[in-house]
Amino acid sequence: MSNAIEYITATIKSKLKNMSKSFTSPTEQYQEIIILWSLRILLDLKGYTLMDISFGLYGNERALAAVGLENLLDKYDEDNELSKKKFRKILLKQNDKYLKKEIKYDGTLYKNIDKLAELIDLNPVEKHLLAFGVLLHSVRDLEGICDVLGDISSHSVVSVLATILGLEVPQVRQALSSEGLLNKTGLVRLSRDEHTNLEYQISILDEISDVLLDEEEADIMESLKRFFMPGRKANLVPQDFAHIQEDYDILVRYLNAAASKSLVGSNVLIYGPPGTGKSELVRTLARDLKYTLYEVTTVDGDEDAIMYQGRVDAYQLCQQVLKRKQDTIILFDEIEDVFIRDGSMERFGIRTSTDSKKGWFNMVLEENEVPAIWVSNVIHHIDEAILRRFDYVMELKTPPRKTRIKIISQHTEKLGVSESWVKKVSLNEDLAPGLIARAAKVVGELDLAEREEREQSLERVISNTLHAMGYDKNLSKGATSPLSYRPDVLNADFDLESLQDGLQKCGQGRFCIYGPPGTGKSEYARHISEVLDKPLILKRASDLLDPYVGVTEQQIARMFDQAMDEEGVLLLDEADSFLQDRSRASQSWQISQVNELLTQMERFEGVFLCSTNLMDNLDQASLRRFDLKIKFDFIKPEQGWELYKQVLADFGVHLEDDSLEQKVRALRGLTPGDFATVVRQNRFSKGALDCNSLLDGLKREIEFKEKGKFKNIGFVVD
């Protein structure tokens, strides 16, 4: 055991010894340069006059070390006082010594700066400023000597830097201007604070010191992967985006033109819910175009998230480095925190940026030489003035159901799920490709033997994620009715067969279907979608109503957009919430919601059905916009008898008692929903469904509706 410990100890000591040989600290490697700068600070900028040396030199260790005079610490103390005049003579002697020296601006830092300069066209002044900024934030002695100057005003910082570096003031001012390359890329930027020390007046790009002081990595492009890196491999093909074919084609043509013609200021914004494949779309586009893709990084070398300003600087640096590369695209992903608004004009419905950065962002979007695609989950926080600067703005929504079925089938192919399960799950409108892929990956690692187990686990994973994202986690939307559907047992005041034939011919119409609950309104809409071979887009008031003014109108517009995108049959259930008489409205938003619904109705070119149980107090002007108003009433006696027989046949029950027909026909106020309710109730019964239990159940439902057994709830006052 002791031998093992000795061996490990010896190995660690050996490695540390080798590390100390191979790595030279910035203080040692650039000592002469630092001393020269420090002497200028103390002599040319009169820094020595600001040092408190009346009681000795202790407390000024770092300043003395910076000028190579740490030996003075032991020579002068409070008993052997060093006057300012004598101190100046010592500094002048040291200065003469270094003026005679040939100071070499080389070493790892300067070599790497030269490599970077070749990529982004840094001039000599900019290179000197970058070197100073890196060493100022890396060498404590240089920081200490700069602290001698105390707080420096934003107006004088340029002249201070010019003196320290031996440069002309106009050159430094130009290099550090807002239009300068150092500022644009964030390599070196002035804070422009009114009064603060030099270290805080000068900021440098996060982690650029690690890049430029790296002695191990010879390839500067490899080091710059901290800020941007080659794009990841695309996992999808253009056919996976068939639901946005028109947008895809436009993007291919535009990006091709932007790259081939070297268009300046080419920017595309793609936004949409998480997991819809926005980043994959960009990677697929790049591969399809045979272009090289680079992605701005989102985390630093320690895997910590990079704050928004650091990411913008990384993007700007990426633009400068890649500007000479042909057939290249930059992906700037997860830009939600890049554009920040102050919200001061929100109450007026105006989106505003925080400050003058709006103009700066406009410049960023107008001057980039490499085509860029910006990706975000949301854009409501981006100022309109900025949005207008994008050449093409595209929303990538959750794919339509046909595409969802295809994507689910592809990702779950190895899991062996059933076709019926795929169709059921695909009904959820929030099911994005990324969510499906991750769920399939998780369940694929569980080694579940039974198909039912795999399907249940997939539903569990997907539902939990949907719930966490604030979406409906129900994966059984549109569950089939327990009854065999028969349009002939619906008691409508319009020929439903004729309506069905008409829709098959023209494929367009607006209908208000109304009547008592359970009369088959929603199921008829589902039947129409199946006849037309179109998905049913079902929306209820709870899906659309929002407490914030204006959001409900937006949800209504999105509802119609979704129906258009999916080429589906749109059913708005509980439509009375949006069709109330506007003359009785007490709030302006009540009127605007009705207006928005009517406007969208008139623009909609598909099949739209509104269902409601209430026709009283509905807006008459709104009702006139419907092509047909169809009432679904309680079923007729003969229809009740037909449905009664159908239910028994579905359950394999033979009808033997002829007297039952008269009893069933005598029932009044029956609906298809009553039959469905009784069938569901039978699941909790000990016995199987038979003729008498079905009849008794129907009687109970009618009695409940007629007498309202739970009508009187609460206190009764005599």
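Before reading further, recall that the structure is shown in the block above.
This one's a predicted model, so the numbers in the text were calculated from it and none came from an experiment.

*Asks:* How should the sheet that holds strand β15 (residues 607-612) be read in this particular structure?
*Replies:* Pairing between the strands of a sheet is mediated by backbone hydrogen bonds and can be parallel or antiparallel. Reading across from one edge, β11-β16-β12-β15-β14-β13 is the order of the six strands in this open sheet, with mixed pairing throughout. The open sheet has two free edges, formed respectively by β11 (491-492) and β13 (536-539), since each of these has just one partner strand. As judged from the three bridges shared by strand β14 (residues 569-572) and β15, these two strands associate in the parallel manner. From the neighbouring strand, L571 faces β15, where its bridge partner is L609. Packed onto the sheet, helix α26 (residues 521-531) meets β12 (509-514), β13, β14, β15 and β16 (628-633) and runs at close to 170 degrees relative to β14.

*Asks:* Whenever I open this one, the packing of aromatic side chains confuses me. Can you help?
*Replies:* The geometry of an aromatic ring pair comes down to the distance between the two centres and the angle between the two planes. In this structure the tally under the stated criterion is 12 aromatic pairs. Here the aromatic cluster, defined as three or more aromatic residues joined through ring pairs, consists of Y315, F332, W374 and F390.

*Asks:* I keep staring at the side chain of T297 and nothing clicks. Help me out?
*Replies:* With respect to the helices, strands and loops of the structure, T297 is situated in the loop between β7 (292-296) and α18 (308-322). The exposure class of T297 is buried, given its relative accessible area of 7%. Here R226 takes part through its backbone oxygen, which lies 2.9 Å from a polar atom of the side chain of T297.

*Asks:* Help me out: how do you make sense of empty space enclosed by the protein in this one?
*Replies:* In this approach a probe as big as a water molecule rolls over the atoms, and the regions it shows empty are the leftover space. A complete count under the given rule lists one cavity of 30 Å³ or more for this structure. Roughly 40 Å³ of internal volume is contained in the largest cavity. The wall of the largest cavity is formed by I408, T412, W421, V425, I436, A439, A440, L458 and I462. Of all the elements in the fold, those that place two or more residues in the lining of the largest cavity are α22 (419-425), α23 (433-444) and α24 (451-468). The leading source of residues in the lining of the largest cavity is α23, at three residues. Tallied by class, the residues present in the lining of the largest cavity amount to eight nonpolar, one polar and no charged.

*Asks:* Hey, could you run me through helix α31 (residues 637-650) in this one?
*Replies:* The first and last C-alpha atoms of α31 sit 20 Å apart over 14 residues, in line with the 20 Å expected at 1.5 Å per residue. Taken as a whole, α31 has its buried residues at Q639, G640, W641, L643, Y644, V647 and L648.

*Asks:* Please explain the pattern of salt bridges as it appears in this structure.
*Replies:* Side chains carrying opposite charge are able to pair once their charged atoms draw close together. A complete count under the given rule lists 25 salt bridges for this structure. In this structure, the salt-bridge partner of D114 is K127, at a minimum N-O distance of 3.0 Å. Linking D114 in helix α7 (residues 108-120) with K127 in helix α8 (residues 124-136), this pair joins segments that are 13 residues apart in sequence. A relative accessible area of 36% means that D114 is categorised as partly exposed. A residue is classified by how much of its surface remains accessible, and K127, at 24% relative accessible area, is partly exposed. As a salt-bridge pair, D633 and K631 come within 3.6 Å of each other at their nearest N and O atoms. We classify K631 as partly exposed; its relative accessible area is 32%. Taken together, the shared-partner salt bridges in this structure form one network comprising R486, D488, E642 and K645.

*Asks:* Explanation requested: the pairing of strand β8 (residues 328-332) in the structure shown.
*Replies:* One face of the sheet, then the other: side chains in a regular strand alternate in exactly this way. Here β8 lies mainly inside the structure; five of its five residues are buried. Here β8 shows two buried faces, one formed by T328, I330 and F332 and the other by I329 and L331. The pairing of β7 with β8 spans four bridges and is classified as parallel. Looking at the pairing, E295 lines up with L331 of β8. Pairing of β8 with strand β9 (residues 372-376), which is carried by three bridges, proceeds in the parallel orientation. Bridge assignment links I330 to a residue of β9, and that residue is A372.

Thresholds applied
- Residues numbered from 1 in each chain as written.
- Predicted model: local features only at pLDDT ≥ 70, side-chain atom pairs only at ≥ 80, totals over all residues.
- Heavy atoms only, no water.
- Pairing = 2+ DSSP bridges.
- Helix = DSSP H or I, 4+ residues; strand = E, 2+ residues; numbered from the N terminus.
- Contact = heavy atoms within 4.5 Å.
- Axes fitted to C-alpha atoms, helices over the stretch in contact; angles between N-to-C directions.
- Phe/Tyr/Trp six-rings, centres within 6.5 Å; stacked < 30°, edge-to-face > 60°.
- Buried < 20%, exposed > 50% of the residue type's maximum accessible area, 1.4 Å probe, protein only.
- Polar contact = N/O pair within 3.5 Å; in protein donor to acceptor, adjacent residues only side chain to side chain.
- 1 Å grid on protein atoms, 1.4 Å probe; cavity = no way out; pocket = protein on both sides within 12 Å on 5 of 7 lines; lining within 4 Å.
- Points joined across faces, edges and corners; volume = space filled by probe spheres on them.
- Nonpolar A, V, L, I, M, F, W, Y, C, P; charged D, E, K, R; others polar.
- Expected span 1.5 Å × (residues − 1).
- Salt bridge = Lys/Arg side-chain N within 4 Å of Asp/Glu carboxyl O.

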